[in-house]
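Observations on the model geometry
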Amino acid sequence: MSSIATPQPAAGDPAPIAVGTLFSTMRLRRSHVIAGSVLFFAFVVEAWEQVGLIYVAPGIMADFGVSQGQLGMALSAVAFGMVPGTLLWATLVDRLGRKKVAIASLLAYAALALASALSPSFTLFLVLRFLAGVAFGGIYAVTFPYFIELLPTRYRGPGAVALSIGFPVGTLLCIAVSSVFGHENWRIVAVIAALAGLWAFAVWALVPESPYWLVKRGHLDQAHHVLSGFGVEVPADRTLVLEVAHSDGQDAKATVRAMHPGFLLAVVLVVSFTFSWGYWGLQTWLPALLQSKGLSISASLGFVALSQVVSVPGYLLAAWLTKVIGRRWVFIAFAIGSIIGGAIFALAADSVQMYIGNFVLAFFSLGAWGIWNTWSGEVMPTSIRGAGYASSTAAILLAQTLAVPVIGTMLDHSLSFTVVVGSIVAMLVVAVLAVLPLPETEGRALR
């Protein structure tokens, strides 16, 4: 991994001050809250899109006359498009900036998702959903690194975990809209989801560009302006640079450089892939799995909605714990809790055990996601954070894309409930083992 070296000032030149150092002493202000709230709703839109058609899947199947395997392709088409999409946008995130990518991605998604909602054929529907995913890959990959680059260091962990609460909020909104309009026509739900992409205008008006990116690209005047909006004035005798020192005086790069960069990235990709498979493999087919246990469609939706509500205190507990004991141990503890919940759910003998198992799974797995969304971005230096986080996002999406049709095929072949869910839980076990080598980043300034 490359990094940008701190320039050595000549005699009489302003002394360098790292932008990360300013964020380490920065107070939380109203401008942070406004920008964070806008990006929070952007993540709500992301979550909505990821589950947007799951709860109207029977309508899609009946409308186009397709099998469960084909339906799985439709449900994963956006995620499949987001895999190359995140990598495509990754080449632009570090070149054009976080803000421009977020706006362009949302607007392109809105147009393509709207076209897919009006598609007259299943083939065209698949193609447009795929292209909508390519467009959506930008906002999906940029939201978390953008968010953590706008927050004071001490609030970065809890703030990013709180941002993750946008996922259950988006899911609950999707369930509500699906419940109200889905029985009339699934296309209404798809159109409403597409129009949410117009939130791009709120990003344009209310969220500043990342000061880290501005300094990296040499736009120092703009960086000064953004920092001023956050209540920080750079002294006239100091010049902004990107590379920072650890708050305890140690080189912030030392922890990461102790490992081979390729190995570090490989660990991030493995954890992203396996944890995504474990979570999305169950989440996407949860209504169908519940119906196989005898629950009605309406009861299944209520079950999913309750599990999303239960996840909120999981996020909040993870946000608090990350400041106390750091990213690594909170993630490991919550991932183990997810495994326990998944095992209870897989082996449930009655509806009470199913509820307990799924609620434990929701509480811990989504809290772990909140930690991972922060941690995986923090271990990357600013110079490649956009591309590095996009690679992690691509691994997440690839797992989601593959898990949905694979599990759909398992259901088509009438494999037992225990075998299907057990295979999903196994992926969570791999994620826990793979995450162990990653360095701690709690309280450390971004590089």
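**Looking at the overall build of the protein chain**
- For the protein chain, the count of helices and strands is 19 helices and two strands.
- Every one of the 447 residues in the protein chain was classed for burial, and the buried ones make up 58%.
- If you take every contact in the protein chain between residues at least 6 apart in sequence, the share linking residues at least 24 apart comes to 84%.
- When the accessible area of the protein chain is evaluated, it comes to approximately 16500 Å², of which 69% is carbon and sulfur surface.

**Remarks on the packing of aromatic side chains**
- Applying the stated criterion to the full structure yields 20 aromatic pairs.
- On the basis of an interplanar angle of 45° and a centroid distance of 5.5 Å, the ring pair of Phe80 and Phe130 is categorised as tilted. Here Phe80 is found in helix H4 (residues 68-96), whereas its partner Phe130 is found in helix H6 (residues 122-148), with 50 residues between them in sequence.
- By relative accessible area, Phe80 is classed as partly exposed at 44%.
- The exposure class of Phe130 is partly exposed, given its relative accessible area of 27%.
- Geometrically, the ring pair formed by Phe334 and Phe364 is edge-to-face, given 5.2 Å between the ring centres and 75° between the ring planes. Pair noted here: Phe334 is in helix H16 (residues 327-346) and Phe364 is in helix H17 (residues 351-378), with a separation of 30 residues, a long-range link.
- Classification of Phe334 as buried rests on a relative accessible area of 3%.

**Overview of H6**
- Here H6 spans 39 Å end to end across 27 residues, near enough to the 39 Å set by a 1.5 Å rise per residue.
- Bending of H6 peaks at approximately 35° at the position of Phe136.
- Among the 27 residues that make up H6, 22 are buried, leaving the element largely enclosed by the rest of the structure.

**With respect to the pattern of salt bridges**
- Counted according to the given criterion, the structure contains seven salt bridges.
- Note that Lys216 and Asp94 form a salt bridge whose closest N and O atoms lie 3.9 Å from each other. Highlighted residues: Lys216 in helix H11 (residues 211-216) and Asp94 in helix H4, separated in sequence by 122 residues. Summarising the burial analysis for this pair, Lys216 and Asp94 share the class buried.
- Overlapping salt bridges, with partners in common, bring together Asp94, Arg98, Glu149 and Lys216 in one network.

**Some details on helix H8 (residues 166-181)**
- The terminal C-alpha atoms of H8, which comprises 16 residues, lie 22 Å apart, in line with the 22 Å expected from a rise of 1.5 Å per residue.
- Where H8 is concerned, the buried positions are Gly166, Phe167, Pro168, Gly170, Thr171, Cys174, Ile175, Val177 and Ser178.

**Some details on the packing of H4 against H6**
- Interaxial distance between H4 and H6 falls to 5 Å at its minimum, and their mutual angle equals 40°. Relative to H6, the element H4 lies oblique. In this structure, H4 crosses over H6, and the sense of that crossing is right-handed.
- Across the contact of H4 with H6, the residue classes break down as 20 nonpolar, seven polar and one charged.

**Things to note about the nonpolar core**
- If you look at the biggest cluster of nonpolar residues, it comprises 124 residues, and the most contacted ones within it are Phe167, Leu227, Phe331 and Trp372.
- For this core, the element with the highest residue contribution is H6, accounting for 13 residues.
- Not counting residues within four places of it along the chain, the set of residues in contact with Leu227 comprises Val19, Leu22, Phe23, Met26, Pro211, Val232, Val234 and Leu240.

**Topic: the confidence of the model for the protein chain**
- Across the protein chain, the average pLDDT comes to 80, with 84% of residues at or above 70.
- Looking across the protein chain, the model is least confident in helix H13 (residues 254-257), with a mean pLDDT of 45, and most confident in helix H10 (residues 200-206), with 96.
- In the model, residues 1-9 has pLDDT below 50 throughout and makes 25 contacts with residues more than four positions away in sequence or in other chains.

**Considerations on the side chain of Arg328**
- Tracing the chain through its elements places Arg328 in helix H16.
- Lacking a salt bridge, the buried Arg328 has Glu440 as its closest oppositely charged neighbour, with an N-O distance of 4.5 Å.
- Filtering out sequence-adjacent residues up to four positions away, Arg328 remains in contact with Trp375, Leu436, Leu438, Pro439 and Glu440.

**So, the side chain of Thr153**
- By the secondary structure assignment, Thr153 is in helix H7 (residues 153-163).
- Engagement of the side chain of Thr153 in a polar contact is seen with the side chain of Ser24, the distance being 3.4 Å.
- Dropping the residues within four chain positions of it, Thr153 is found in contact with Gly20, Phe23, Ser24, Gly443, Arg444 and Ala445.

**Details of the environment of Ala387**
- If you trace the backbone, Ala387 turns up in helix H18 (residues 382-412).
- Once the C-alpha coordinates of Ala387 and Val93 are considered, the two residues, 294 residues apart in sequence, prove to be 7.2 Å apart.
- Not counting the four nearest positions on each side in its chain, Ala387 is found in contact with Ala90 and Asp94.

**Some words on the environment of Ile54**
- With respect to the helices and strands, the residue Ile54 is situated in the loop between helix H2 (30-51) and helix H3 (57-64).
- The exposure class of Ile54 is buried, given its relative accessible area of 8%.
- When the C-alpha positions of Ile54 and Leu71 are compared, they lie 9.7 Å apart, and in sequence the two are 17 residues distant.

Rules and cut-offs
- Residues numbered from 1 in each chain as written.
- Predicted model: local features only at pLDDT ≥ 70, side-chain atom pairs only at ≥ 80, totals over all residues.
- Heavy atoms only, no water.
- Helix = DSSP H or I, 4+ residues; strand = E, 2+ residues; numbered from the N terminus.
- Buried < 20%, exposed > 50% of the residue type's maximum accessible area, 1.4 Å probe, protein only.
- Contact = heavy atoms within 4.5 Å.
- Areas by Shrake-Rupley, 256 points an atom, 1.4 Å probe, with all protein chains shown as cover.
- Phe/Tyr/Trp six-rings, centres within 6.5 Å; stacked < 30°, edge-to-face > 60°.
- Expected span 1.5 Å × (residues − 1).
- Bend = angle between axes of the 7 residues up to and from the residue.
- Salt bridge = Lys/Arg side-chain N within 4 Å of Asp/Glu carboxyl O.
- Axes fitted to C-alpha atoms, helices over the stretch in contact; angles between N-to-C directions.
- Parallel < 35°, antiparallel > 145°, perpendicular 65-115°, else oblique.
- Left-handed = near helix turned anticlockwise from the far one by under 90°.
- Nonpolar A, V, L, I, M, F, W, Y, C, P; charged D, E, K, R; others polar.
- Core = buried A, V, L, I, M, F, W, Y, C linked by side-chain atoms within 4.5 Å.
- pLDDT = per-residue confidence, 0-100.
- Lys, Arg positive; Asp, Glu negative; His and termini not counted.
- Polar contact = N/O pair within 3.5 Å; in protein donor to acceptor, adjacent residues only side chain to side chain.

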